[in-house]
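Chain and residue survey
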Amino acid sequence: MRWLTWWDGRVALLALDVAVAAAVIVVSLAGGDPRDPHPALYVPAVLVSALVLLARRRWPFPVLLVAVGCLFAGVTLLPLTIALYSVAARHGVSVLTGVAMVVTVLGGRVLRVVSEPADLLTVVVVLGVFSVGPVLAGLWMHQRARLLAVLRERADEAERTRTLLADQAVFAERRRIAREMHDVVAHRVTAVALQAGALSLRAPDEATERTAETIRAVSATALEELRGILQVLRDDVPAAASPGAGLLASLEDLVEEVAATGARVELELPDPLPAVPDPLGRAVYRVVQESLTNAGKHAPHAAVDVRLATEGGRLAVEVTNRLTPHHTGVPGAGYGLVGMRERVELAGGELRTGPTGDGRFRVLAEFPVFPVEEAK
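What this report covers is the structure whose coordinates are included nearby. (Residues numbered from 1 in each chain as written. Predicted model: local features only at pLDDT ≥ 70, side-chain atom pairs only at ≥ 80, totals over all residues. Heavy atoms only, no water.)

Here's the deal with the pattern of salt bridges
Evaluation of the coordinates by the stated rule reveals 7 salt bridges. Its salt-bridge partner being Arg-216, residue Glu-213 comes within 2.5 Å of it at the nearest N-O pair. With a gap of 3 residues between them, Glu-213 and Arg-216 both fall in helix H7 (residues 206-235), about one helical turn apart. Of the charged contacts, one joins Arg-360 and Asp-305 as a salt bridge, the two residues approaching to 3.2 Å between their closest N and O atoms. (Salt bridge = Lys/Arg side-chain N within 4 Å of Asp/Glu carboxyl O. Helix = DSSP H or I, 4+ residues; strand = E, 2+ residues; numbered from the N terminus.)

Structure follows, in structure tokens:
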């Protein structure tokens, strides 16, 4: 397809130029000049003038010179007319001097063809039809092509400006959300942490002190995570993330925090922990965290089993708990499972949730495990 670049990669343009060359051959052979002093050169000149028209889109000016040379061998004005149009369409007004010289040669040719004394009106009509008209048409096509190019450039610039404005609007909205989260969520969580700290200092018994300290520690962890989210929203840069394997190891701390509230949680981890990319480690951590939260809200005091296993190049995360008719009454946003599924799919995994048929509820996420070097 490389040779089609002469015709902008379009077969239709190639077919058009072939048809034009064939028409030139037919017209020239049918309407030759009987007074031509070089009849032996007429047929080769016709063939040359027609074949060079196939290159008029790539080299229009050399084609014009060949057409002028063939004109003295008695070839009709049609190849020259097409070459004049091609030069004007390709180069515009920058080659009008050369075109004027060609028109002068054409005028001399016309004066030789017409009867003596020369009919001035015939000369003007022939020059207008076969030279000035094609040149003006070519100039119009040249200006039209330039106008379309300018319009496309302006459209691209407008699209870039629109994208930039949209990005600025998104950034402004992110900062607004960050302010709302800081003013509302961070304030509330800080109040919880302070109240829990005060309660742990004035606890009437050891059990209350442990519970209050757990609430304070969880609130402090939530504030740290919230600070990272606020940094991402404000600065539009990725927050520093722990290595994936480190997040898997931190599941033990997560389970201990939940167990400190009185929940019964059993954790089973593979030994050794697999080396996973950061996004996969965060996805596993959030799946377990959200599953434990949902179990605490919808099945309080029910035993929860958390199991991680690697098999066949895949990492499986399974969290199960027994279904109970009790409910804590804690309101939820309604997006827990939806957000969990989105996070798992972004990490390249699959998520399945629902009852197992034996009175238990299961959350099962499976991820392909890649070495950290390959993930990077």
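The discussion continues.
What about the sheet that holds strand S4 (residues 350-355)?
Strand order across the open sheet formed by 5 strands is S1-S2-S3-S5-S4, with mixed pairing between neighbours. Each of the sheet's edge strands pairs with one partner strand only, and the pair in question is strand S1 (265-268) and S4. Neighbouring strand axes in the sheet, compared pairwise and without regard to direction, differ in orientation by 10° on average. Packing of helix H9 (residues 251-260) onto the sheet brings it into contact with S1 and strand S2 (304-311), and relative to S1 it is tilted by some 170°. Most of the contacts of helix H11 (residues 336-346) go to S4, to which it runs at about 150°, and overall it touches S4 and strand S5 (360-368). (Pairing = 2+ DSSP bridges. Axes fitted to C-alpha atoms, helices over the stretch in contact; angles between N-to-C directions. Contact = heavy atoms within 4.5 Å.)

Considerations on the pairing of S4
By the bridge criterion, 6 bridges tie S4 to S5 in an arrangement that is antiparallel. Paired with Gly-354 across the bridge in S5 is Arg-362. Between S4 and S5, which pair antiparallel one after the other, the connecting turn spans 4 residues, and Gly-357 there sits at a positive phi close to 95°.

Comments concerning the packing of helix H10 (residues 278-298) against H11
Relative orientation of the contacting elements H10 and H11 amounts to 165°, with a least axis distance of 9 Å. Taken together, the axes of H10 and H11 lie roughly antiparallel to each other. In this structure, the crossing between H10 and H11 has a hand that is left-handed. Counting all contacts with H10, which are made through Arg-282, Ala-283, Arg-286, Val-287, Glu-290, Ser-291 and Asn-294, the residues of H11 involved are Gly-336, Leu-337, Met-340, Arg-343 and Val-344. Looking at side-chain class alone, the contact of H10 with H11 contains 5 nonpolar, 3 polar and 4 charged residues. (Parallel < 35°, antiparallel > 145°, perpendicular 65-115°, else oblique. Left-handed = near helix turned anticlockwise from the far one by under 90°. Nonpolar A, V, L, I, M, F, W, Y, C, P; charged D, E, K, R; others polar.)

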